[in-house]
Amino acid sequence: MSEQTEKLVKIIMPDLLNYLEMIESGEIIEKRLEKNLSCKQKEDKEQGEYEDDKIT
């Protein structure tokens, strides 16, 4: 293994292990669900404001 490869592995490995632990614990899924919910609520709020502005 070259010296550059070893340096790269030392940089990436801790983050990769942390990511795998987060997947295993379900933390990644929870964060994505929270993000999707907040985005959906924001879209609904913006849609409601748009509908209030329309002339009927």
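Residues numbered from 1 in each chain as written. Predicted model: local features only at pLDDT ≥ 70, side-chain atom pairs only at ≥ 80, totals over all residues. Heavy atoms only, no water.

**Some words on the pattern of salt bridges**
- The final tally for this structure, using the stated rule, is three salt bridges.
- Note that K7 is salt-bridged to E3, the shortest N-O span being 3.7 Å. Note that K7 and E3 are positioned in helix 1 (residues 3-25) at a spacing of four residues, about one turn of the helix.
- We classify E3 as exposed; its relative accessible area is 57%.
- One salt bridge in this structure joins K40 and D44, with 3.4 Å as the shortest N-O distance. Pair noted here: K40 and D44 are both in helix 2 (residues 27-53), with a separation of four residues, about one helical turn.
- By relative accessible area, which is 43% here, D44 ends up partly exposed. (Salt bridge = Lys/Arg side-chain N within 4 Å of Asp/Glu carboxyl O. Helix = DSSP H or I, 4+ residues; strand = E, 2+ residues; numbered from the N terminus. Buried < 20%, exposed > 50% of the residue type's maximum accessible area, 1.4 Å probe, protein only.)

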